[in-house]
Amino acid sequence: MEKRKIIHEGEIILNETIIPCYILDDGTRVLSGNAMQNALKLQEDNEKKSGTRLARYLNQKTLNPFIYQGKSPGHYSPIECYKGTQKINGYEATILADICEAFLEARNNINLSTRQKIIADQCEILIRGFARVGIVALIDEATGYQYERERFELQKILNAYVSDEILKWQLTFTDDFYKEIFRLWNLPFIPKYIKNKPSFIGKLTVKYIYDQMPKGVIEKVKDNIGKTEKGNWKYRWHQSLTSDIGREHLRKQIIEVTTLMSISESKEQFNYLFKKKYNEEPQLQLEFNEAPPK
């Protein structure tokens, strides 16, 4: 079995069916093997062990001509992938659609057993679900609405976790500034990372925004805010800035940096443009060039 590293994860929800899904470090889309088997209703009522369910059905002689039609012997090989040290057995995502199509083709051409009919009926439900999700995703991508989806989801998160007074300032950062950071650092702009930003994004925010304010301002802000017993800042830095001058400078800096990011094709290009605009010494390098979390 192949061994790959999981870099992103999520869930596909089709009615009452939930299938964990993953993106591997080589870009392969993978579905959880156990969840996929459950979605297909492969488990029999008196069955306790589930590890060989899929392989057993794929090798049934009556289904074999439909399962492997136009497919190589290794087409349905499982993939062994890792989330840290946790091993997850999965299958390349499109295999689920291949299995569904094979069962539906078999149903149209041969007499299926009672269990096979149950699976075929479930395959029809899944295929219809894929079609609905697929057409919505295609339209969202074609129109650019896929980005607005995340913006609306972000708004829900912010309203739930941030007070109305602070919300306007949070949105100043998050709506475009963070979206561009996520793009340049190859991190998906999804609720999971919007809600709990990786620590390196905070370092980038300090470097590109707060460190560009007049000398001594941030040191004064830190003194005013102070830290808790656990070592965390008591308030967000911008809350200590004056509304007329301090926050206006902050807003201007965010707009300028966001603009530079938006015209950059890579973080290296952005860093070059940033140093050129703010007259940083040539020997200064990007200090926070760490990769996004896997």
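Please read all numbers here as calculations on a predicted model, not as lab measurements.

Asks: Lay out the overall build of the protein chain with the relevant residues and their values.
Replies: Each helix and strand counted, the protein chain has 12 helices and 5 strands in total. Surface exposure of the protein chain reaches about 17800 Å², of which carbon and sulfur atoms provide 50%.

Asks: Tell me about the pattern of salt bridges, and please be specific about residues and values.
Replies: With the rule as written, the count across this model stands at 8 salt bridges. With its nearest N and O atoms 2.8 Å apart, the salt bridge here joins Arg128 to Glu124. One end of the pair is Arg128 and the other is Glu124, both in helix H5 (residues 114–143) and 4 residues apart, which spans about a single turn. Judged by its relative accessible area of 48%, Arg128 is partly exposed. The structure contains a network of salt bridges with shared partners spanning Arg107, Asp121, Glu124 and Arg128.

Asks: Please provide a residue-by-residue account of the layout of surface pockets, values included.
Replies: Estimated volume of the largest pocket: approximately 1500 Å³. Lining the largest pocket are 41 residues, with Ala137, Gln146, Arg149, Glu150 and Ile190 positioned closest to its centre. Among the elements of the structure, strand E1 (2–14), strand E2 (17–24), strand E3 (29–32), helix H4 (94–109), H5, helix H6 (145–161), helix H7 (164–184) and helix H8 (191–195) are those that each provide at least two residues to the lining of the largest pocket. Among the elements that make up the lining of the largest pocket, the one with the highest residue count is H5 (9 residues). Looking at the lining of the largest pocket residue by residue, the class counts come to 24 nonpolar, 6 polar and 11 charged. Both domain 1 (6–171) and domain 2 (175–279) contribute no fewer than three residues apiece to the lining of the largest pocket.

Asks: Got a sec to walk through a nonpolar patch on the surface? Specific residues and values, please.
Replies: Among the surface-exposed residues, Ile135, Val136, Leu138 and Ile139 lie close enough to one another that they form a single nonpolar patch of about 370 Å² accessible area. The topology assignment puts Val136 in helix H5.

Asks: Kindly report on the side chain of Arg115, identifying the contributing residues and their values.
Replies: Among the structural elements, Arg115 can be located in helix H5. A distance of 3.1 Å separates a polar side-chain atom of Arg115 from the backbone oxygen of Lys41.

Asks: How would you explain H4 if you had to name every residue and give the values?
Replies: Helix length check: H4 (16 residues) gives 23 Å between terminal C-alpha atoms against 22 Å at 1.5 Å per residue, within 8%. Regarding H4, the residues found buried are Ile95, Leu96, Asp98, Ile99, Cys100, Ala102, Phe103, Leu104 and Ala106.

Asks: Got a sec to walk through the packing of aromatic side chains? Specific residues and values, please.
Replies: Counted according to the given criterion, the structure contains 6 aromatic pairs. For the ring pair Phe270 and Phe274, a centre distance of 6.0 Å and an interplane angle of 50 degrees mean the geometry is tilted. One end of the pair is Phe270 and the other is Phe274, both in helix H12 (residues 267–277) and 4 residues apart, which spans about a single turn. Classification of Phe270 as buried rests on a relative accessible area of 0%. The structure contains a cluster of three or more aromatic residues connected by ring pairs, namely Tyr208, Phe270, Phe274 and Tyr278. Stacked on the ring of Tyr278, the Lys or Arg Lys277 has its end atom at 5.6 Å from the ring centre.

Asks: Tell me what's going on with the environment of Leu24, and back it up with residues and numbers.
Replies: Relative to the helices and strands, Leu24 is located in strand E2. Sequence spacing of Leu24 and Ile6 is 18 residues, and the spatial spacing of their C-alpha atoms is 4.4 Å.

Asks: So what about the nonpolar core? Which residues, and what values?
Replies: Membership of the largest hydrophobic core comes to 30 residues, with the highest contact counts inside it found for Met36, Leu40, Leu96, Ile99 and Phe103. Elements with a contribution of two residues or more to this core: E2, helix H1 (33–39), helix H2 (53–58), helix H3 (64–67), H4 and H5. Per-element tally for this core: the top contributor is H4, with 8 residues. With residues up to four places along the chain from it excluded, the contact list for Leu40 reads Leu96, Ile99, Cys100, Ile119, Gln122, Cys123 and Leu126.

Asks: Describe the pairing of strand E4 (residues 79–83), with residues and values.
Replies: In terms of strand pairing, E4 meets strand E5 (residues 86–92) through 5 bridges, oriented antiparallel. Bridging from a neighbouring strand, Lys83 pairs with Gln86 of E5. Counting the residues in the hairpin turn of E4 and E5 gives 2 residues, including Gly84, whose phi is positive at 70 degrees.

Asks: I'd like a description of H12, backed by residues and values.
Replies: Turning to H12, its buried residues are Lys267, Phe270, Asn271, Phe274 and Lys275. Projected down its long axis, H12 shows its buried positions confined to an angular sector of 130 degrees, all on one face. Counted as exposed and oriented over 90 degrees from the buried face of H12: Tyr272 and Lys276. Count one or two residues on from H12 and you reach Asn279, which has phi positive near 55 degrees.

Asks: Would you mind going over unusual backbone geometry in detail, with residue names and values included?
Replies: Even without glycine at this site, Lys41 takes up a positive phi of about 60 degrees. You can see Lys41 is positioned in the loop between H1 and H2. Residue Lys41 is classed as partly exposed on the basis of its relative accessible area, which comes to 40%. Look at Asn186: it is not a glycine, yet its phi comes out positive at around 55 degrees. Mapped onto the secondary structure, Asn186 falls in the loop between H7 and H8. On the accessibility criterion, Asn186 (66% relative accessible area) is exposed.

Cut-off values and rules
- Residues numbered from 1 in each chain as written.
- Predicted model: local features only at pLDDT ≥ 70, side-chain atom pairs only at ≥ 80, totals over all residues.
- Heavy atoms only, no water.
- Helix = DSSP H or I, 4+ residues; strand = E, 2+ residues; numbered from the N terminus.
- Areas by Shrake-Rupley, 256 points an atom, 1.4 Å probe, with all protein chains shown as cover.
- Salt bridge = Lys/Arg side-chain N within 4 Å of Asp/Glu carboxyl O.
- Buried < 20%, exposed > 50% of the residue type's maximum accessible area, 1.4 Å probe, protein only.
- 1 Å grid on protein atoms, 1.4 Å probe; cavity = no way out; pocket = protein on both sides within 12 Å on 5 of 7 lines; lining within 4 Å.
- Points joined across faces, edges and corners; volume = space filled by probe spheres on them.
- Nonpolar A, V, L, I, M, F, W, Y, C, P; charged D, E, K, R; others polar.
- Domains from an automatic or database assignment.
- Patch = residues over 30% accessible without salt bridge, like charges linked within 9 Å, V, L, I, M, F, W, Y side chains within 5 Å.
- Polar contact = N/O pair within 3.5 Å; in protein donor to acceptor, adjacent residues only side chain to side chain.
- Expected span 1.5 Å × (residues − 1).
- Phe/Tyr/Trp six-rings, centres within 6.5 Å; stacked < 30°, edge-to-face > 60°.
- Lys NZ or Arg CZ within 6 Å of the ring centre and 35° of its normal.
- Core = buried A, V, L, I, M, F, W, Y, C linked by side-chain atoms within 4.5 Å.
- Contact = heavy atoms within 4.5 Å.
- Pairing = 2+ DSSP bridges.
- Arc of directions from axis to C-beta.

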